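Here are the chains, one letter per residue:
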Amino acid sequence: ITELIEHMTHGGRPGRLVHVSTAYVAGHRNGRVYAEDLPGADGPFNNTYEETKARAERFLREHMDRVPITVVRPSIVVGDSQTGRTFNFNVLYFPIKLMYRGLLPIIPGRSSTRLDIVPVDYVCDATLALGRDPTATGATYHLTADDDAMPSLLTLSDVMGTADDDAMPLATFAECLTTFFNDGLLRGKAPIRRPRIIGPLAWRGVRWWLKRRLKGRPRQQFEAFNIYLPYIMSDKQFVATSTRRALDKRVPYPS
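Residues numbered from 1 in each chain as written. Predicted model: local features only at pLDDT ≥ 70, side-chain atom pairs only at ≥ 80, totals over all residues. Heavy atoms only, no water.

### Describing the pattern of salt bridges
Tallied over the entire structure, the rule returns 6 salt bridges. We note a salt bridge from Arg29 to Asp37, for which the minimum N-O separation is 3.6 Å. Judged by relative accessible area, Asp37 falls into the partly exposed class, the value being 22%. One salt bridge connects Arg73 with Glu57, and the closest N-O pair in it is separated by 2.8 Å. Pair noted here: Arg73 is in strand β3 (residues 69–74) and Glu57 is in helix α2 (residues 48–62), with a separation of 16 residues, a long-range link. Glu57 shares its class with Arg73; the two are buried. (Salt bridge = Lys/Arg side-chain N within 4 Å of Asp/Glu carboxyl O. Buried < 20%, exposed > 50% of the residue type's maximum accessible area, 1.4 Å probe, protein only. Helix = DSSP H or I, 4+ residues; strand = E, 2+ residues; numbered from the N terminus.)

Listed below in structure tokens is the structure:
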């Protein structure tokens, strides 16, 4: 850290260290999550990714009084807000592919679970703006879709229209995708059915049955899907009020 300080203050102009963390550094919990919230070493965490991100944040907080540091926490990053273009089809795109192919008839989770999804251009623009803002030094910011208030359930028209918050319930997310895919289907192809959402207890039985039945690549796809379970079985609301205030009108959240 001493070498870092010397490098950043070289020439008399202190630079800025912008650390890209994750909103899911919050670990295994439900409810509202603020940017200042940070679990201790014992978590609990859902995986080593969350654990190591939290460890890095704790380390940086110990040195914020000596080094100009800003921490940003994106949630689930997807493609460009205008075109949808992406170079990475991991994370959320995997279950979307399964849904399009009709291979995801059921989804484990809770209908009210909010999926916090942010476009990559917003994350990049917000990160650069905060990194150049002197008042953002020593602070942590959520780069998330959700703000301080979130309705318990959005309708499809809310999500496709002018809702203030884009963190949408799991049920609405499935409805949006099904509608979008069916509107663009080739003539003669059967429409895609919206996946049914089942609770944790029912999912245990389905999981036990599928693990006994599936072999080869279907088994691999099923096991890969289980990576996402902690994020659809819990319900977090990432409060981003301080981020909206810091960015003001410089980087508006895309509609």
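Having put the structure on the table, let's press on.
### A look at the side chain of Asp133
Checked against the element boundaries, Asp133 lands in the loop between α4 (120–132) and β8 (139–143). If near-sequence neighbours (up to four positions away) are discounted, Asp133 is found in contact with Arg16, Ala246 and Arg250. (Contact = heavy atoms within 4.5 Å.)

### Notes on the environment of Asn90
With respect to the helices and strands, Asn90 occurs in the loop between β4 (76–78) and α3 (93–100). Taking the C-alpha atoms as reference points, Asn90 and Val78, separated by 12 residues in sequence, lie 9.3 Å from one another.

### A short note on the packing of aromatic side chains
What describes a pair of aromatic rings is the distance from one ring centre to the other and the angle between the planes of the rings. Counting across every chain of the model gives 6 aromatic pairs. Note on Phe89 and Tyr93: the rings are 5.4 Å apart at their centroids and 70° apart in plane angle, and the pair reads as edge-to-face. By relative accessible area, which is 45% here, Phe89 ends up partly exposed. With a relative accessible area of 16%, Tyr93 lands in the buried category. With 4.7 Å between their ring centres and 70° between their planes, Tyr122 and Tyr253 make a pair best called edge-to-face. Taken together, the residues span a long stretch of sequence, with Tyr122 in helix α4 and Tyr253 in the segment after α10 (241–247) at a distance of 131 residues. Like Tyr253, Tyr122 is buried. Taken together, the ring pairs connect Tyr24, Tyr231 and Phe238 into an aromatic cluster. (Phe/Tyr/Trp six-rings, centres within 6.5 Å; stacked < 30°, edge-to-face > 60°.)

### Describing unusual backbone geometry
Here Gly43 and Pro44 are connected by a cis peptide whose omega angle stands at 5°. Here Pro44 lies in the loop between β2 (31–33) and α2. Even without being a glycine, Val91 presents a positive backbone phi close to 50°. Backbone geometry places Asp248, a non-glycine residue, at a positive phi of 50°. Since its relative accessible area comes to 55%, Asp248 is described here as exposed.

### Some thoughts on the pairing of β3
The element β3 is largely enclosed, with a buried count of 6 among its 6 residues. As defined by bridge partners, strand β1 (residues 17–20) adjoins β3 across 4 bridges and the pair is classed as parallel. Residue pairing for β3: Leu17 is matched across the bridge by Ile69. (Pairing = 2+ DSSP bridges.)

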